[in-house]
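As a plain string of letters, each chain reads:
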Amino acid sequence: MDIIKLGDPLLAEVRGVDLTKPLDDDARAAVNEAFLEHCVLVFRDQELSPADVIAFERIFGEPQIHVTKKYRHPKFDELIVMTNMNKDGEVDAFESRRGLGWHSDMCYLDVPAKATVLHPLEIPEQGGDTLFANMYLALAEMPGELRKKIEGKRGTFRFGGRSKDVQNRLDPADRDKPLIEHPVIRVHPETGRESIFVNPIHTVGIVGMPDDEAVDLLDEIYAWCGQEQFQARHQWRMGDTLIWDNRCTWHSATGDNPLRQRRRFLRGNISGILH
Ligand SMILES: [Fe+2]
């Protein structure tokens, strides 16, 4: 097995692994170590069934079932289908916006997802890339003045975030979920490293801070963390299997799909731990 670093801030490729076959203990340990070091791993040329994707998840932990039922896989509760199509199989403007904007997955739960796995079923000929950003690095390089303003603060989170407009477009069962709190600077339960955990899509405010002040401070954090030097881009190929660490990264779809072609992925999440 070889681990090839693809991006300076994060992202590495794992070569020499066939994910349709079980990995031995040494290989599992090496993959887990690479995951913690590089935050995002890509395995190329893997033709995986839904059951293979779930087996891949189990290298890293227990699959976590997504809160929304709208996109659940018809046969496997552990998976959801990420697609830009509506029920009639047409590329749809609302569904095309899924995954746009910097966020981490399931940060709006008491126990946010440890990781997310994506495996493409259909991808456009052009565009449709996914961006990742390293929130360890964004915090490590943050100016002291900004860091001082966020030390000890807690963010509030909700599925779909603060926008009324977005809330209204969610499935009724997914709207107006309770607010959940997490530290703005969160300590990673495995590496012990600190990173920024608030994000522009799912964070609503800051505990104990008037709304307008909280929005200003969050915008300042996002302006810093959203800089290109913390980012890496993944251009999808069929057969790619990606896993990323939601505890220390942001990700965003680019929405760039000039031919308006179908985009469809299997997605799984891996449970985090309460800490
Ligand atoms: Fe996401």
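Shown above is the structure to which this text applies.
Residues numbered from 1 in each chain as written. Predicted model: local features only at pLDDT ≥ 70, side-chain atom pairs only at ≥ 80, totals over all residues.

Enquirer: Mind showing me how you'd approach the environment of Val117 here?
Expert: By the element assignment, Val117 lies in strand E6 (residues 115–122). Judged by local crowding, Val117 falls into the buried class, with 25 C-beta atoms found within 10 Å. Sequence separation between Val117 and Val40 is 77 residues; the distance between their C-alpha atoms is 9.8 Å. Residue contacts for Val117: discarding those within four places in its chain leaves Val53, Phe56, Glu57, Thr241, Leu242, Ile243, Arg267 and Gly268. (Helix = DSSP H or I, 4+ residues; strand = E, 2+ residues; numbered from the N terminus. Buried ≥ 20, exposed ≤ 12 C-beta atoms within 10 Å, placed from the backbone. Contact = placed C-beta atoms within 7 Å.)

Enquirer: Whenever I open this one, the sheet that holds strand E13 (residues 231–234) confuses me. Can you help?
Expert: Through backbone hydrogen bonds, the strands of a sheet pair up, either in parallel or in antiparallel fashion. As summarised here, the arrangement of the three strands in space is E13-E7-E15, forming an open sheet in which the pairing is antiparallel. Each end of this open sheet is capped by a strand with a single partner; those strands are E13 and strand E15 (249–253). Taking each pair of neighbouring strands and ignoring which way they run, the sheet shows an average axis angle of 20°. (Pairing = 2+ DSSP bridges. Axes fitted to C-alpha atoms, helices over the stretch in contact; angles between N-to-C directions.)

Enquirer: Honestly, the sheet that holds strand E12 (residues 203–206) in this entry has me stumped. Any pointers?
Expert: Taken in spatial order, the three strands of this open sheet run E9-E8-E12, and their pairing is antiparallel. Taken across any chain shown, the strands that pair with only one partner, and hence form the sheet edges, are strand E9 (180–183) and E12. Geometrically, the sheet is characterised by an average inter-axis angle of 35° between neighbouring strands, direction not taken into account. As defined by bridge partners, strand E8 (residues 154–157) adjoins E9 across four bridges and the pair is classed as antiparallel. Considered in E9, the bridge of Gly155 is made with His182.

Enquirer: Can you walk me through the environment of Ile65 in this structure?
Expert: Position of Ile65 relative to the elements: it lies in the loop between strand E4 (63–64) and strand E5 (79–83). Taking the C-alpha atoms as reference, Ile65 lies 6.5 Å from Asp77; in sequence the two are twelve residues apart. For Ile65, the residues in contact, after removing those within four places along its chain, are Asp77 and Glu78.

Enquirer: Looking at this structure, I do not really get the environment of Gln227. What am I missing?
Expert: Turning to its location among the elements, Gln227 is positioned in the loop between helix H7 (211–225) and E13. You can call Gln227 exposed: it has 12 C-beta atoms within 10 Å.

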